[in-house]
Amino acid sequence: MSTAFTGARQSTQVRQSYLAERVQNLKPSGIRKFFDIVATMKDVISLGIGEPDFNTPERILQAGIRSLQNGETHYTSNSGTLELRRGIATYLEQRYGIEYDPNSELVISVGVSEALYLALTALLDPGEEVIVSTPCFVAYQAEVILAGGIPVEVPTLEDDDFQIRPETIEAAITPRTKAILIGFPNNPTGVVASKKCLLELQDIANRYDLAVISDELYDQLVYGVPHVCFAALPGARQRTLLLGGFSKNYAMTGWRIGFAAGPSEMIQGLLRIHQYTIMCAPTMAQAAALEALTSGQEYVDQMVDEYNRRRELIVGGLNQLGLTTIEPHGAFYAFPKITIAGMDDEIFAQMLLEEERVAVVPGSAFGLGGEGFVRCSYATAYERIEEALHRIERFMRRHG
Ligand SMILES: Cc1ncc(COP(=O)(O)O)c(C=O)c1O
């Protein structure tokens, strides 16, 4: 026997799995499973999609094309182009009155998805806990686990209009808690967090010295209420990673541009991981994102007006059918309660799809607090929503 292998595990057997335990234990996304079924069906009206149905506005598109034609086909700085970082810093200052140094306090990422991964990987030591306010974007818990941490779900409830109840967050804190992860305007409830709740949350984070990761990807998609930027609250900046991006506001999901803003020490930590894993976000997409900041507001306003029209249609329609739906003030989701149909949310979604060819997403896919609800996206044409409501009405006549 060669001495080089003394003490090493040797076996003639093949392992059952070469995957790491934390990956083996990761549950597949409830949304993915569902859409695999939808993809095999005809004549489906999908209220399940979590992205704008609009194409990227023309001027933004042209900026991306121009960038390629100008030979911008190389890497950028790891943190992203200075122009885009400056553009985002100006945006955050003008919109929320919060200042970030584009040289050291901002990193451009491949969507908020990557920013979230970077944030959690940079912040967590193995076994540290992250309090995750649910229902929430499906990736939150999975990304905490992938980063070696433990997600601790704290549900928001319909009785509280799906607003965070700060005392429930405080009650979930243990000596292992490192951070709180929130996402408002919320996917899937459409709720915009109240300033009062966020101020109380900030007070808790302060008292227990916790980091806060605030995913504000839908910050411009609000209807009649202001979005409060968590990092801009008094005293919050030094412990907050603000995540934002272009996917939803500007209908740019496929371009894959997001960002993280925060204190230099945190951002430099994220950057260390980003430079070894990703290198930089796509160059032409950064040019398109800069154009979005420069000339995109008019398009955003038009899209928000149209989302608002659809929002009123779907929320009114669902409530009329007895599917109680709180008024969502942000993003493009309605979150009706479906318990009146006498079935759980997974069965409801499955039967609605099979019987009426309408796709919605079971609320339980979004974590605790989502059971008994389904997510209906109104990022689809007005007429399609009207037709979907007719179909749901027929379904409820049989099952209500
Ligand atoms: C709340 C939230 N955060 C993050 C993401 C990921 O967005 P992206 O990686 O396209 O920026 C999504 C996508 O649906 C989302 O809903």
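The paragraphs below set out a description of the structure included in this document. The residue numbering used here restarts from 1 in each chain and proceeds along that chain's sequence as written. A pLDDT threshold of at least 70 governs which residues receive local features in this predicted model, and a stricter bar of 80 or more applies before side-chain atom pairs are shown or counted, although totals over entire chains, interfaces and linings include all residues. Think of the side-chain values as coming from all heavy atoms in the structure, minus any hydrogens and water.

## With respect to the overall build of the chain
- Counting secondary structure elements, the chain contains 13 helices and 12 strands.
- Atoms counted for the radius of gyration: C-alpha only. Globule rule: 2.2 Å times the number of residues to the power 0.38. Expected size for 400 residues packed as a compact globule is a radius of gyration near 21 Å; at 22 Å, the chain falls within 12% of this value.
- A simple rule labels every residue: compare its accessible area, found with a 1.4 Å probe on the protein chains alone, to the largest value its type can have, and call it buried under 20%, exposed over 50%, or partly exposed in between. Scored against the burial criterion, the 400 residues of the chain give a buried share of 54%.
- The Shrake-Rupley method, run with a 1.4 Å probe, gives the accessible areas here. Residue values count only the displayed protein chains as cover. Summing over all exposed atoms, the chain offers an accessible surface of approximately 18,100 Å²; the carbon and sulfur share of this is 50%.
- Once the 34 positive and 49 negative side-chain charges of the chain are each reduced to a mean point, those two points are 4 Å apart. Strands are runs of DSSP state E lasting at least two residues, helices are runs of H or I lasting at least four, and both sets are numbered from the N terminus onward. Neither His nor the chain ends is counted toward charge; the positive residues are Lys and Arg and the negative residues Asp and Glu. By convention, the point assigned to a charge is CZ for Arg, NZ for Lys, CD for Glu and CG for Asp.

## Remarks on the site of the ligand
- The full set of residues close to the ligand is Gly111, Val112, Ser113, Phe137, Tyr140, Asn187, Asp215, Leu217, Tyr218, Ser247, Lys248 and Arg256.
- In this classification, the charged set is Asp, Glu, Lys and Arg, the nonpolar set is Ala, Val, Leu, Ile, Met, Phe, Trp, Tyr, Cys and Pro, and all remaining amino acids, among them Gly, are polar. The residue inventory of the shell around the ligand, partitioned by class, reads five nonpolar, four polar and three charged. The cutoff for a nearby residue is simple: one of its non-hydrogen atoms must lie within 4 Å of the molecule or strand.

## Here we look at empty space enclosed by the protein
- A 1.4 Å probe that fits into a set of points on a 1 Å grid over the protein atoms alone but cannot get out defines a cavity; an open set with protein on both sides within 12 Å along at least five of seven lines defines a pocket, and lining residues are those with an atom within 4 Å of a point. Grid points are joined across faces, edges and corners, and a volume is the space filled by probe spheres set on the points. Counted according to the given criterion, the structure contains two cavities of 30 Å³ or more.
- Together, 16 residues line the largest cavity, and Tyr91, Asp219, Gly245, Asn249 and Phe259 are the ones closest to its centre.
- Elements that contribute at least two residues to the lining of the largest cavity include exactly α4 (82-96) and β7 (240-245).
- No other element matches β7, which puts four residues into the lining of the largest cavity.
- Residue composition of the lining of the largest cavity, by class: 10 nonpolar, four polar and two charged.
- By volume, the second largest cavity amounts to about 40 Å³.

## Structural notes on helix α9 (residues 264-277)
- By this rule the span expected of a helix is its residue count minus one, scaled by 1.5 Å. Helix length check: α9, at 14 residues, gives a terminal C-alpha distance of 20 Å against a target of 20 Å (1.5 Å per residue), a fit within 8%.
- Packed against the buried residues of α9 are β2 (106-109), α5 (111-123), β6 (211-215), β7 and β8 (258-261).
- The first or second residue beyond α9 is Met279, which carries a positive phi of 80 degrees. In this description, contact between two residues means that some pair of their heavy atoms is separated by no more than 4.5 Å.

## A look at the packing of α5 against helix α6 (residues 139-146)
- It is the contact of α5 with α6, at a shortest axis distance of 9 Å, that shows an interaxial angle of 40 degrees. Regarding the angle of α5 to α6, the classification is oblique. Classified by chirality, the crossing of α6 by α5 is right-handed. Contact with α5, carried on its side by Ser113, Leu116, Tyr117 and Leu120, involves Tyr140, Glu143 and Val144 of α6 and no other residues of that element.
- In terms of residue class, the contact of α5 with α6 is built from five nonpolar, one polar and one charged. For every element, the axis is a line fit to its C-alpha atoms; helices are fit only across the contacting stretch, and the angle between N-to-C directions ranges from 0 to 180 degrees. Small angles under 35 degrees read as roughly parallel and large ones over 145 as roughly antiparallel, with 65 to 115 read as roughly perpendicular and the rest as oblique. By the definition used in this description, the sense in which the near helix is turned from the far one sets the handedness, with an anticlockwise turn below a right angle giving left-handed and a clockwise turn giving right-handed.

## Observations regarding the sheet that holds strand β5 (residues 177-183)
- Read from one edge of the open sheet, seven strands run β2-β8-β7-β6-β5-β3-β4, paired in mixed fashion. Where the open sheet ends on each side, the last strands, each with one partner, are β2 and β4 (150-155). Geometrically, the sheet is characterised by an average inter-axis angle of 20 degrees between neighbouring strands, direction not taken into account.
- As paired elements, β2 and β8 share four bridges and run antiparallel to each other. Bridge assignment links Ile108 to a residue of β8, and that residue is Phe259.
- Along the sheet face, α6 touches β3 (129-134), β4, β5 and β6 and points at about 155 degrees away from the line of β4.
- Its contacts with the sheet put α9 on β2, β6, β7 and β8, and the angle it makes with β2 is roughly 30 degrees. Two strands qualify as a pair provided DSSP detects at least 2 bridges between them.

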